[in-house]
Amino acid sequence: MSGVPAGRIPAPYAAPGRRAVQVTLVAAAGFYLFRYGLDRPVAATYALFAAVALGGLSRIPGTGRQRAVVVLRLIPVGWLLVLVGTYLSVRTWSAVVGMLVVGFALAFSAVGGPRPAGAAPGLQLLYILPSFPPYDPGQLGDRLLGTTTGMALLVLAEALLFPEPTPAPYRARAAHAAAVAARCTALLAAPPYTLSRAEIRTAREAGHRLRSLTVPEADRPAGPGVRDRALSHTGLATRALLSRLPRLSAMSGGGVRPPATPGGGDVRPPAAPCCPPDAVATAVLDAVARLATATAGCLREGASPLAAYQELAAVRAVLSARSAAHPGEAETPAPDVLRRHAAVLEVADAALAMGAAADLAAHGRRASVTGPPERFWYAATRGPALWWHRVRGHAGRRSVFFQNAVRIALALTAARLVAGVDTLPHGFWATLATLTLTRTTMDETWSTIRSALAGTLAGALVTGGTLALVGTHTNVYAVLLPLWMLFAFTVGPVKGVGWAQGLFTVLVALVFAQLAPPTWRLAEVRLLDVLVGSAIGAVFGLLAWPRGAHDELRYATAELLRRAAEIVVVTSASVALEGPLRRAGQTLVPAGMPGHRSLQHAVILAESAYGQFQSEPTPFGGRGRGPVLPAVDWQAALMAGHHTLWGSERLLEPPCTGLGPAAAAVSGLGDRVAGRMLLVSAALDPGGDTPTGPVPRLARSLAGADAEPPGAPRLYYATVSWLDSLMADLSRIARAGGELGTDEDGADEGRPGGAESGPGDAGDGAATTGNRPEDRGDTARGPRGGPAGPGPVPPH
């Protein structure tokens, strides 16, 4: 923590301690200014709770300055919530309806990314506060004044106190990865056409830095806008390019190039590689290197990569036409040459996607590079339409964001109804307990409630004793409040929900004791309210998706693999059609058709379910982890979905030449891969009469599965390369609990426990979400008013 001597504060308390100082200074300043300086107790209450809501209950990701910008933008939202809550609270029925609508809207806003998800619990509190007595619209002025003051002071504290180093933004990470790709591609275009182990490791590390689990949550491109989508797309395309380069190096036949000598030169192998690239393939790799360099410059300085993009597109078309062997040719290229051509074309495709996405990320709708419309569908779409697209993609019972929003909205509505009908004293506390204690699984809700009730009972005993001893000496409470607030916001987040509830019980007593004559019964009321709120949270934890995302994840991943299997079968059959039929346009599944959109939607729902599953166990103020499924690598399943989309779109592009004698082999291989997908799908989500069992461990490759047809054209090798990569993904799904998985080209991608998932929408991916607690902090908490995760998986 900046300004605090190192070693004097234990590491777990450093970050909470910094937040506690900020919240305490802001809350105490606003409260004392209005309560004792201006004698406006209503404004004092709202100033304090605004600071507690956005600074303590919310977990907005990012540095202090980034959080300050978010809170500043939320000030008008706070005004609206206080205004609506004040006027709807006059009647119980309107207050209940308002709680249902506003509670759902705030919780569902988490589909917008990690910042809305982190701010949602605090905004819920800003609406809950004016929804309870006194029901006096005449106090609206003081309420707005206090709320504005508390939020404005919090903005200043976030921006000025304890400055934090700003991490490298995602654009800088993507630019560095593009520069690494440029260097590696340039090496592959020159003798000996291979990469050293150090260079392969550098490429892997650059790609790994683009994964969301290594990116601070505030810097992940998770929003629904064009630039965020494009930046996320840039990261995924760059990762794809970096992952393909080591495979291309291994295909050169010269092995891995030795590392550089101490003098700086590379040691060249004595013999030339057995399969050097021809002039056209070399020209493509040179163009890829130039486009990667231009992409890095675009991300850093904003210069458009249009010229390099057009150059690569032109030479790629030449290689595609040249490498397509036609039946009856005098001389068919050797299989090794065709394999390499297929790999070079995959590299070129990834580089073209990277360049187009980077131009969109830098210039938005003014970008010069125009990528394929089915892939960059969002390029010309306006912001409101993109937001609607994301909301519509999650407006269904299979979305965990929708599930969380329904759960928390119904629980808050029930708490408000009980408080209004039974005139529950301090019903605000009951609703607040419902907000903070409702979890996404029944087991976790029950565990949390037990700890919370134990902590609240201890806090009530301390409160009763304090109120009995101090009595009406307000000055004592005024002195104790900031000290206790500092202690509570430092210790509570570290010790867990029991400590947090107990300390908060004393805290609210110290506040209300300065607003009205206190009695020891205040502690009794607080305990009663927490009990009522906990009971409501338990009921809705039992009735509304009581197992959270656990079952939803299995179902969503199985559905993803089923949809992918359909695309694999139809794509393989389509490319296997004879040339005349394909030239007549009779492909079975053109890119962008409904089959693809269904798979895109399935990918996004699986991503959001995985993000929720990873974040569910995080308790209020704690860092626990929940149950894991060690035998399943969910990230590999998600990548299989993405690879299915990319490969299908690429294979169905012109030139549409037939496969000739190789058609039957391709169709058979497609059926085989689809069958493996269905086998894994059945293990994840068995039907009523399907035998249950563990996820099968599959072979990593299709190599040797069938004899290679003589004279097979380029399309055959491109299709087999795609199917082989899908088999590599499927093999990794069941290897999470054992060895470290590797992707199809040897890149170290399948780290157990690593994942990329988060909020997205049908037809695109939003952004990846890191799901380790140390990466996501406390922001991914669906239980506290908003679904978890932020975040995105990159667009396909």
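Residues numbered from 1 in each chain as written. Predicted model: local features only at pLDDT ≥ 70, side-chain atom pairs only at ≥ 80, totals over all residues. Heavy atoms only, no water.

1. Description of the overall build of the chain
- When its secondary structure is counted, the chain shows 26 helices and zero strands.
- Looking at the chain as a whole, 60% of its 796 residues qualify as buried.
- Of all intrachain contacts in the chain linking residues separated by at least 6 positions in sequence, the fraction that spans at least 24 positions is 82%.
- Carbon and sulfur atoms make up 64% of the accessible area of the chain, which totals about 28900 Å². (Helix = DSSP H or I, 4+ residues; strand = E, 2+ residues; numbered from the N terminus. Buried < 20%, exposed > 50% of the residue type's maximum accessible area, 1.4 Å probe, protein only. Contact = heavy atoms within 4.5 Å. Areas by Shrake-Rupley, 256 points an atom, 1.4 Å probe, with all protein chains shown as cover.)

2. Description of the layout of surface pockets
- Quantified by volume, the second largest pocket comes out at close to 910 Å³.
- Listing elements by their share of the lining of the second largest pocket, those giving two or more residues are α3 (64-88), α4 (92-108), α5 (114-128), α7 (170-188), α9 (226-250) and α13 (383-394).
- Among the elements that make up the lining of the second largest pocket, the one with the highest residue count is α3 (six residues).
- A class-by-class count of the residues in the lining of the second largest pocket yields 19 nonpolar, seven polar and seven charged. (1 Å grid on protein atoms, 1.4 Å probe; cavity = no way out; pocket = protein on both sides within 12 Å on 5 of 7 lines; lining within 4 Å. Points joined across faces, edges and corners; volume = space filled by probe spheres on them. Nonpolar A, V, L, I, M, F, W, Y, C, P; charged D, E, K, R; others polar.)

3. As for the environment of T505
- Looking at where T505 falls in the secondary structure, it is placed in helix α18 (residues 497-512).
- A relative accessible area of 2% means that T505 is categorised as buried.
- On a C-alpha basis, the gap between T505 and V530 in space is 9.4 Å, while along the polypeptide they are 25 residues apart.

4. Some points on a positive patch on the surface
- Taken together, the side chains of R227, R365, R366 and R382 define a basic patch exposed on the protein surface.
- Relative to the elements of secondary structure, R365 occurs in the loop between α12 (335-363) and α13.
- R365 gets classed as partly exposed once you look at its relative accessible area, which sits at 41%. (Patch = residues over 30% accessible without salt bridge, like charges linked within 9 Å, V, L, I, M, F, W, Y side chains within 5 Å. Salt bridge = Lys/Arg side-chain N within 4 Å of Asp/Glu carboxyl O. Lys, Arg positive; Asp, Glu negative; His and termini not counted. Charge placed at Lys NZ, Arg CZ, Asp CG, Glu CD.)

5. Description of the packing of aromatic side chains
- With the rule as written, the count across this model stands at seven aromatic pairs.
- Consider the rings of Y32 and Y36, whose centres lie 5.9 Å apart with planes at 45°: the pair is tilted. In this pair, Y32 and Y36 are both assigned in helix α1 (residues 11-37), four residues apart and thus about one turn of the helix distant.
- For Y32, a relative accessible area of 23% gives the class partly exposed.
- For the pair F104 and F108, a centre-to-centre distance of 5.4 Å together with 15° between the ring planes defines the contact as stacked. Of this pair, F104 and F108 both sit in helix α4, four residues apart, roughly one helical turn.
- Pairwise contacts between aromatic rings join F31, Y32 and Y36 into one cluster.
- The residue whose ring lies beneath K495 is W499, and the NZ or CZ to ring-centre distance is 5.8 Å. (Phe/Tyr/Trp six-rings, centres within 6.5 Å; stacked < 30°, edge-to-face > 60°. Lys NZ or Arg CZ within 6 Å of the ring centre and 35° of its normal.)

6. Structural notes on the confidence of the model for the chain
- Here the chain averages 74 in pLDDT, while 70% of its residues score no lower than 70.
- Every residue in residues 261-274 scores below 50 in pLDDT, and together they form 19 contacts with partners more than four places removed in sequence or on other chains.
- Across residues 578-594, confidence stays below pLDDT 50; counting only partners more than four residues off in sequence or on other chains, it has 32 contacts. (pLDDT = per-residue confidence, 0-100.)

7. Considerations on the packing of α1 against helix α2 (residues 41-57)
- As a packed pair, α1 and α2 sit with axes 7 Å apart at the nearest point and diverge in direction by 170°. Taken together, α1 and α2 sit at an angle that is classed as roughly antiparallel. Residues R19, V23, V26, A27, G30, F31, F34 and R35 of α1 touch α2, and the partners they reach there are P41, A43, A44, T45, A47, L48, A51, V52, L54, G55 and G56.
- Grouping the amino acids of the contact of α1 with α2 by side-chain chemistry returns 13 nonpolar, four polar and two charged. (Axes fitted to C-alpha atoms, helices over the stretch in contact; angles between N-to-C directions. Parallel < 35°, antiparallel > 145°, perpendicular 65-115°, else oblique.)

8. Here's the deal with helix α10 (residues 279-301)
- The end-to-end C-alpha separation of α10 is 32 Å, in line with the 33 Å expected for 23 residues at 1.5 Å each.
- G302 lies just past α10 and shows a positive phi near 90°. (Expected span 1.5 Å × (residues − 1).)

9. Brief notes about the pattern of salt bridges
- According to the stated counting rule, one finds eleven salt bridges in the structure shown.
- Across the pair E199 and R183 runs a salt bridge whose closest N-O atoms are separated by 3.2 Å. Taken as a pair, E199 in helix α8 (residues 197-208) and R183 in helix α7 lie far apart in primary sequence, 16 residues in all.
- The class of E199 is buried, set by a relative accessible area of 9%.
- Put simply, E566 and R563 hold a salt bridge, and the shortest N to O gap is 3.9 Å. Residue E566 and its partner R563 are both found in helix α20 (residues 549-575); the two are separated by three residues, about one turn of the helix.
- Residue classification places E566 among the partly exposed residues on the basis of a relative accessible area of 46%.

10. Digging into the packing of α1 against helix α6 (residues 140-160)
- In contact at an axis separation of 9 Å, α1 and α6 are set at 145° when each is read in the N-to-C sense. For the pair α1 and α6, the crossing hand works out as right-handed. Contacts between α1 and α6 involve R19, Q22, V26, A29, G30 and F34 from the first element and L145, G146, T149, G150, L153, L154, A157 and E158 from the second.
- For the contact of α1 with α6, a count of residues per class yields seven nonpolar, five polar and two charged. (Left-handed = near helix turned anticlockwise from the far one by under 90°.)

11. Re the side chain of N404
- As for its placement among the helices and strands, N404 is situated in helix α14 (residues 400-421).
- Judged by relative accessible area, N404 falls into the buried class, the value being 4%.

12. Here we look at helix α24 (residues 663-684)
- Compared with the 32 Å implied by 1.5 Å per residue over 22 residues, the 32 Å span of α24 between its first and last C-alpha is a close match.
- Buried within α24 are the following residues: A663, A665, V666, L669, G670, V673, A674, M677, V680, S681, A683 and L684.

13. Considering the environment of S94
- Along the chain, S94 turns up in helix α4.
- Separated by 37 residues in the primary sequence, S94 and S131 place their C-alpha atoms 10.0 Å from one another.

14. Notes on unusual backbone geometry
- Residue P191 is joined to P192 through a cis peptide bond whose omega torsion reads 5°.
- Here P192 is to be found in the loop between α7 and α8.
- Positive phi, close to 65°, is recorded for Y193, a residue that is not glycine.
- Note that Y193 resides in the loop between α7 and α8.

15. Observations regarding the side chain of T295
- For T295, the location among the structural elements is in helix α10.
- Judged by relative accessible area, which is 0%, T295 ranks as buried.
- With sequence-adjacent residues up to four places away left out, T295 is seen in contact with A178, P305, M354, G355 and A358.

16. With respect to the nonpolar core
- In terms of nonpolar packing, the biggest core is built from 73 residues, with L48, L54, L126, M151, F428 and L481 touching the most fellow members.
- Those residues in contact with L126, other than ones at most four positions away along the chain, are A50, A53, L54, G78, L81, V82, T147 and M151. (Core = buried A, V, L, I, M, F, W, Y, C linked by side-chain atoms within 4.5 Å.)

17. Points about a nonpolar patch on the surface
- Taken together, the side chains of W93, V97, L100, V101 and L410 present a nonpolar region at the surface, about 480 Å² in accessible area.
- If one sorts the elements of the nonpolar patch by residue count, α4 sits on top with four residues.

18. Things to note about the environment of L312
- Relative to the assigned elements, L312 resides in helix α11 (residues 306-322).
- On the basis of relative accessible area, L312 is assigned to the buried category, the value being 0%.
- Measuring from C-alpha to C-alpha, the distance between L312 and D349 comes to 9.4 Å, with 37 residues separating the pair along the chain.
- Contact partners of L312, with chain neighbours within four places excluded, come to V284, A287, V288, L291, A348, A351 and L352.

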